[in-house]
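Structure assessment
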Number of protein chains: 2
Amino acid sequence: MKRVYNFAAGPSTLPLPVLEQAAAEMCDYRGTGMSVMEMSHRSKVYQDIIDEAEACLRELMGIPENYKVLFLQGGASLQFDMVPMNLLGAEHDLAYYIVSGSFAKKAAAEAKRFGNVIIPASSQEYKFSFIPETTPEMFKTLADYVHITSNNTIYGTRYAKLPETGGIPIVSDMSSCILSEQIDVSDYGLIYAGAQKNIGPAGLTIVIVREDLIGRKEDIPPMLDYKVYAENGSMYNTPPTYGIYLAGLVFKNLKENGGVAAMEERNKKKAALLYDYLDQSRLFKGCARKDSRSLMNVTFVTGNEELDKKFCAEAAEQGIVNIKGHRSVGGMRASIYNAMSMEGVQALADFMEKFEKENQ
Amino acid sequence: MKRVYNFAAGPSTLPLPVLEQAAAEMCDYRGTGMSVMEMSHRSKVYQDIIDEAEACLRELMGIPENYKVLFLQGGASLQFDMVPMNLLGAEHDLAYYIVSGSFAKKAAAEAKRFGNVIIPASSQEYKFSFIPETTPEMFKTLADYVHITSNNTIYGTRYAKLPETGGIPIVSDMSSCILSEQIDVSDYGLIYAGAQKNIGPAGLTIVIVREDLIGRKEDIPPMLDYKVYAENGSMYNTPPTYGIYLAGLVFKNLKENGGVAAMEERNKKKAALLYDYLDQSRLFKGCARKDSRSLMNVTFVTGNEELDKKFCAEAAEQGIVNIKGHRSVGGMRASIYNAMSMEGVQALADFMEKFEKENQ
């Protein structure tokens, strides 16, 4: 079996022990005589799988009891609509969207279909190279929520601290940073995340929502209504059963490896290794502003497109793959999610050093 | 490895060679050094996977060129909303819904959110035990479409012939019968199906839609707009990549086993084995009216709840599992989808005979 160091932005690398367990259990899950994929979602054995996945996630993130964990489909992109469908206009017909990246911008654009949106801060004219500053004064008019994107996958930026919203609930897209560092869930009204970075396979979306924010609006189609998911244990219809099983394995693996605190420490070391190298390099330059640097997506350029291309090609020959940057930023992007090992990051740093020597 | 005969209504049994291949390729897909789950959906290798899945489905079903194949999420339940959001009111602000079962009824209820709905025929007052008759006169007022549920999973009924709609496009929920028998796709305007019965894992939904029905309505959120899927090769955002891969393996497996024509023949034999037994049995009685019997879901009762319970329990001891009927019908339901072998159906029939002898 060959394994590469896969720095893809998502879907992205998963823990090998999880994949090995999934393979071993594929045709006969623990003596049931069937694959998890073949199980009725109404069966006792599957109920245990989803219950354990939720319990493990609750423990890992310290999710308070007054928050529901929902398993949905459609990715963060569907949440761009579901969040305003469920929350915008519930009390104030106003939501704030901080535009820190392409996906934040898309989220704001979708919200406008459903009500009034104010964009108090944006870094768009700086190509989203940093998290835009906010002040409490920006949120003086009462609103249903303030939407942020905690980690911006494309440019590689991250909120170092939360906006002070004066009690207005914060809704965060954590698709590319959930479980990567410790957070206090009670700082948020709602957290959503597509699974395909730190959780599991694409096609599963997780929503963590404070109970009092559920069921505030009427006449929402059931598949788009948080209340329906909350009241039916995410099984109004058949959920993405296999994705939830995989997510449960990833959660368990994280727990066995010290949980989020230990993961945060590893992630900071991984990121520091690359950023420290970038800061002293004469060839490579980090793209994100230092105070906004992501722990998950490290973007950098040589300043020469041909050289960037050469770097990506030669890296791939060394088993360091999917390192090409997003077209809107160019250069390189190393996505170093939870499942990327220190060894993988070290291999990349070593290769950068070698490449720099050869291309001075 | 233990394998049972799994008669679950969905998620349901899958071809063992498909599961074995998925297990073998789990940690390293054909020398790429990564799982299909870990691949960027924008990569060449993944593009080949989705392209091959679509091509194979097109070949299996003989899908004409003027039909798009879309890979979505959210199950048939989300289609209950997406169909009217995209089609109802495009020209006529009227849709007909034939109510042949619980899911057809739900579909009709959802459609009413978006426009005018007429229910020309329903078998609800007969507990959905047959497909309600329609006549061409019922569809005299022009409408955007006529919605049917080709196979009703709960009661085990199936359209033996299509309604004559006088040219109004037929939209069909084929979740529990797609690929089970030959159909002429051009008889339909749109076909949708959740994957978890004849296609693959839950969390993937397939829509086959005639091109001229796409893009007729404005201002639909992108994740709910067929046009967005059609224009982006189902990759406006990250699709359920692993589910699509699995579906591709199932399609290939079906092709290698003679395609839909051969499958239809096997399915008819499988169903006949059970129905023939039921028709001569003194203990068991089929639930669905004979002219409406499903090829996929065979429902039957003893007429005695205690005996039904005993049957299910004793069957399970023989490795014949998930045979309990839906709570709204009671008794037993044997779902004999494509991946259920003749051996499995024979084992069930043999057990029924044995049980009948022991419980006369």
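Look a little higher up for the structure.
Keep in mind that this is a model prediction, so the values were computed, not measured.

1. Quick notes on helix α9 (residues 342-358) of chain B
Residue and element names in this part refer to chain B.
- The end-to-end C-alpha separation of α9 is 24 Å, in line with the 24 Å expected for 17 residues at 1.5 Å each.
- Taken residue by residue, α9 has G344, V345, L348, A349, F351, M352, F355 and E356 as its buried positions. Viewed along the axis of α9, the buried residues span an arc of 160°, placing them on a single side of the element. Exposed residues pointing more than 90 degrees away from the buried face of α9 are listed as E343 and K357.
- Along its buried surface, α9 packs onto β1 (5-6), α7 (259-280), β12 (297-301), α8 (305-317), β13 (320-321) and β14 (332-335).

2. Some thoughts on the packing of helix α2 (residues 44-61) of chain B against helix α6 (residues 241-256) of chain B
Residue and element names in this part refer to chain B.
- α6 packs onto α2 with a crossing angle of 40° between their chain directions and a minimal axis gap of 9 Å. By the criterion of interaxial angle, the relationship of α2 to α6 is oblique. Of the two possible hands of crossing, α2 and α6 adopt the one that is left-handed. Listed contacts from α6 to Y46, I49, I50, A53, C56, L57, E59 and L60 of α2 are T241, I244, Y245, G248, F251, K252, L254 and K255.
- The residue inventory of the contact of α2 with α6, partitioned by class, reads 11 nonpolar, two polar and three charged.

3. What about the pattern of salt bridges?
Residues and elements named next belong to chain A.
- For the coordinates displayed, the defined rule picks out 38 salt bridges over all chains.
- In this structure, K354 engages E358 in a salt bridge whose closest nitrogen and oxygen atoms are separated by 3.4 Å. Separated by four residues within a single helix, K354 and E358 lie in helix α9 (residues 342-358), roughly one turn from each other.
- Overlapping salt bridges bring together E91, R210, D212 and R216 as one network.

The rules behind these values
Residues numbered from 1 in each chain as written. Chains lettered and ligands numbered in written order. Predicted model: local features only at pLDDT ≥ 70, side-chain atom pairs only at ≥ 80, totals over all residues. Heavy atoms only, no water. Helix = DSSP H or I, 4+ residues; strand = E, 2+ residues; numbered from the N terminus. Expected span 1.5 Å × (residues − 1). Buried < 20%, exposed > 50% of the residue type's maximum accessible area, 1.4 Å probe, protein only. Arc of directions from axis to C-beta. Contact = heavy atoms within 4.5 Å. Axes fitted to C-alpha atoms, helices over the stretch in contact; angles between N-to-C directions. Parallel < 35°, antiparallel > 145°, perpendicular 65-115°, else oblique. Left-handed = near helix turned anticlockwise from the far one by under 90°. Nonpolar A, V, L, I, M, F, W, Y, C, P; charged D, E, K, R; others polar. Salt bridge = Lys/Arg side-chain N within 4 Å of Asp/Glu carboxyl O.

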